[in-house]
Amino acid sequence: MTPVLVINSGSSSFKYQLIDMSTERTLASGLVERIGAESGVARHTVYATASASSASGEVAGTPTFLDATRTRELPIPDHTAGFAVMLEAFASDGPSLADTPPIAVGHRVVHGGARFFEPTLITPLVEINIDELSVLAPLHNPANLAGIVAAREAFPDVPHVAVFDTAFHQTLEPAAYTYAIDAEVAASHRIRRYGFHGTSHKFVSEAAAAFVGRPLGELKQIVFHLGNGASVTAIDGGRSIDTSMGFTPLEGLVMGTRSGDIDPAVLFQLARRAGMSIDDLDDLLNKRSGLLGLAGSNDLRDIRAGIEAGDPRALLAFQVYVHRLRGYAGAYLAQLGGADVISFTAGVGENAPHVRAGALETLGFAGVEIDPERNESPQRGIRVISTDASTVTVLVVPTDEELEIARQTLSVAAT
Ligand code: ADP
């Protein structure tokens, strides 16, 4: 057994997953949320892969939870208390961390700036750097750091590793990451494109290469990560060369609640004519736009139901969403000079055949041909959805960011 604990910490919640890296199977996962509220919630799931003896815990009379979830409500004042609750859940419901303690803890960190381009062993200096990068990610990095500090208290004797969402995109050339604004202003405020979802783009591009049985270094790939947040990356030989998210995750594709690309002058107009403040505009573009702003729901399933019910707003939202996907598909085919593999991943990418079909519909001229039956198949797991005649292989690849974080954590912890 080689257990690695993965932590994804937000400001008032954190998710965790314990993965046995000798088999890459998840032993347990959980969510601690509403930290700091009157009553918090802790959910812990033990998977059937955990052995019955370790899952029975040490408390006499505790039932054995196999492939079972238990939810508790209790006050959780801060992240440190949240980790204590998580440790209690492991002790009572298993698997026992006393028997098989994690050999390392991996932490998702949203922003690594231009400083972190690989998974990094966390030291007090690295913590200071993550904190300093909060200037660029004020919502995310402080929350990630709160999780790191509490986890280091809970697991003081094992290596902790930071895995950055931005790291995979540190291979972007200046031509791809530079905004065409006053260079001195940009430099003094570190304004450039960073890109996000890197852990997922890396995982999916590697899984796709393994699946088609060709070396990663030989492949030109486009990966569409379409979840609530969405981004697309052009990957040449395993290196990110262009990506749709930029200085923040707001740029690029139409998302659940974010606008994606927009003429910045719209903001000047709304500030001058509608009297909207910077905070109003931030809220508008990040939380009240995208599918939600266009059609009243950020969930593509609702958009689909709306189209079927004849709602013109739902139809327009879908058309805008797919139009943007197509634009990026074409742009990245051009940046790469063609593609060998195009993959779809995350909630929408894995589950919405009509989105996949719409995104690639016009790319027949580039040798992209989706097989409607394969595309509509309810089959799970990594699969081909292009025809045998298609010169570009189109795949659906379920993403697994936690497993990727655990792999990268192990690669650092093992050295
Ligand atoms: P996050 O970005 O929050 O991690 P996910 O990758 O889980 O999100 O994606 C969530 C989104 O996936 C939902 O908001 C919804 O739009 C979409 N989604 C999930 N299941 C389906 C489905 N069966 N059909 C269409 N869209 C789906």
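What comes next concerns the included structure. (Residues numbered from 1 in each chain as written. Predicted model: local features only at pLDDT ≥ 70, side-chain atom pairs only at ≥ 80, totals over all residues. Heavy atoms only, no water.)

Side note on empty space enclosed by the protein
For step 1, the next point in the chain: All chains considered together, the criterion is met by one cavity of 30 Å³ or more.
For step 2, the next point in the chain: Put simply, the largest cavity is a space of about 50 Å³.
For step 3, the next point in the chain: Lining the largest cavity we find Tyr16, Ala42, Arg43, His44, Arg70, Arg72, Val85, Met86, Ala89 and Asp93.
For step 4, the next point in the chain: Elements supplying a minimum of two residues to the lining of the largest cavity: strand E4 (40–46), strand E5 (68–74) and helix H2 (79–93).
For step 5, the next point in the chain: Tallying contributions element by element places H2 first for the lining of the largest cavity, with four residues.
For step 6, the next point in the chain: Among the residues making up the lining of the largest cavity, the classes are represented as five nonpolar, one polar and four charged. (1 Å grid on protein atoms, 1.4 Å probe; cavity = no way out; pocket = protein on both sides within 12 Å on 5 of 7 lines; lining within 4 Å. Points joined across faces, edges and corners; volume = space filled by probe spheres on them. Helix = DSSP H or I, 4+ residues; strand = E, 2+ residues; numbered from the N terminus. Nonpolar A, V, L, I, M, F, W, Y, C, P; charged D, E, K, R; others polar.)

Digging into the packing of helix H3 (residues 124–132) against helix H4 (residues 141–154)
For any two helices packed against each other, one specifies the crossing angle of their axes together with the interaxial distance.
For step 1, the next point in the chain: Relative to each other, H3 and H4 sit at 160 degrees, their axes nearing to 9 Å. When the axis of H3 is compared with that of H4, the two are roughly antiparallel. When H3 is examined against H4, the residues Pro124, Glu127, Ile130 and Asp131 are found in contact with a partner set consisting of Asn141, Leu145, Ile148, Val149 and Arg152.
For step 2, the next point in the chain: Taken together, the residues of the contact of H3 with H4 sort by class into five nonpolar, one polar and three charged. (Axes fitted to C-alpha atoms, helices over the stretch in contact; angles between N-to-C directions. Parallel < 35°, antiparallel > 145°, perpendicular 65-115°, else oblique. Contact = heavy atoms within 4.5 Å.)

Considering the nonpolar core
For step 1, the next point in the chain: If you look at the biggest cluster of nonpolar residues, it comprises 55 residues, and the most contacted ones within it are Ile222, Phe224, Leu226, Tyr321, Val355 and Leu360.
For step 2, the next point in the chain: Per-element accounting of this core gives the leading share, 11 residues, to helix H12 (residues 312–336).
For step 3, the next point in the chain: Judged by nonpolar contacts, the second largest core, of 23 residues, contains Ile35, Ala89, Val105 and Ala150. (Core = buried A, V, L, I, M, F, W, Y, C linked by side-chain atoms within 4.5 Å. Buried < 20%, exposed > 50% of the residue type's maximum accessible area, 1.4 Å probe, protein only.)

Some remarks on the sheet that holds strand E3 (residues 25–33)
For step 1, the next point in the chain: Reading across from one edge, E5-E4-E3-E2-E1-E6-E8-E7 is the order of the eight strands in this open sheet, with mixed pairing throughout. A single partner strand is all that each edge strand has here, and the edge strands are E5 and strand E7 (120–121).
For step 2, the next point in the chain: Here two bridges tie E7 to strand E8 (residues 160–164), and the two strands are oriented antiparallel to one another. Along E8, the bridge assignment pairs threonine 120 with alanine 162. (Pairing = 2+ DSSP bridges.)

Focus on the packing of H12 against helix H14 (residues 353–360)
For step 1, the next point in the chain: Packing of H12 against H14 leaves a shortest axis separation of 8 Å and a crossing angle of 50 degrees. The angle between H12 and H14 falls in the class oblique. The crossing of H12 and H14 is right-handed. For the pair H12 and H14, the contacting residues are Phe318, Tyr321, Val322, Leu325, Arg326 and Ala329 in the first and His354, Val355, Gly358, Ala359 and Leu360 in the second.
For step 2, the next point in the chain: Its residues assigned to classes, the contact of H12 with H14 comprises eight nonpolar, two polar and one charged. (Left-handed = near helix turned anticlockwise from the far one by under 90°.)

What about the site of the ligand?
For step 1, the next point in the chain: Surrounding the ligand, one finds Gly227, Asn228, Gly229, Asn298, Asp299, Leu300, Arg301, Ala346, Gly347, Val348, Asn351 and Ala352.
For step 2, the next point in the chain: Between glycine 229 and the ligand, the recorded distance is 3.5 Å, taken from a backbone N or O atom to an oxygen atom.
For step 3, the next point in the chain: Compared with its free state, where it exposes 580 Å², the ligand has 64% of that area covered by protein.
For step 4, the next point in the chain: For the ligand, the cavity whose grid points lie within 2 Å of the majority of its atoms is the second largest pocket.
For step 5, the next point in the chain: It is helix H13 (residues 346–351) that provides the largest number of residues to the shell around the ligand, a total of four residues.
For step 6, the next point in the chain: Split into classes, the residues belonging to the shell around the ligand amount to four nonpolar, six polar and two charged. (Near = heavy atom within 4 Å. Polar contact = N/O pair within 3.5 Å; in protein donor to acceptor, adjacent residues only side chain to side chain. Areas by Shrake-Rupley, 256 points an atom, 1.4 Å probe, with all protein chains shown as cover. Sits in = over half its atoms within 2 Å of the grid points.)

Some points on unusual backbone geometry
For step 1, the next point in the chain: Of note, the amide linkage connecting glycine 94 to proline 95 takes the cis form, showing an omega dihedral of -10 degrees.
For step 2, the next point in the chain: Residue position: proline 95 is located in the loop between H2 and strand E6 (104–109).
For step 3, the next point in the chain: Here glutamate 24, not a glycine, exhibits a phi torsion of approximately 60 degrees, which is positive.
For step 4, the next point in the chain: Note that glutamate 24 resides in the loop between strand E2 (13–20) and E3.
For step 5, the next point in the chain: On the accessibility criterion, glutamate 24 (33% relative accessible area) is partly exposed.
For step 6, the next point in the chain: Within the chain, alanine 346 stands out as a residue other than glycine whose phi angle is a positive 75 degrees.
For step 7, the next point in the chain: Tracing the backbone shows alanine 346 in helix H13.

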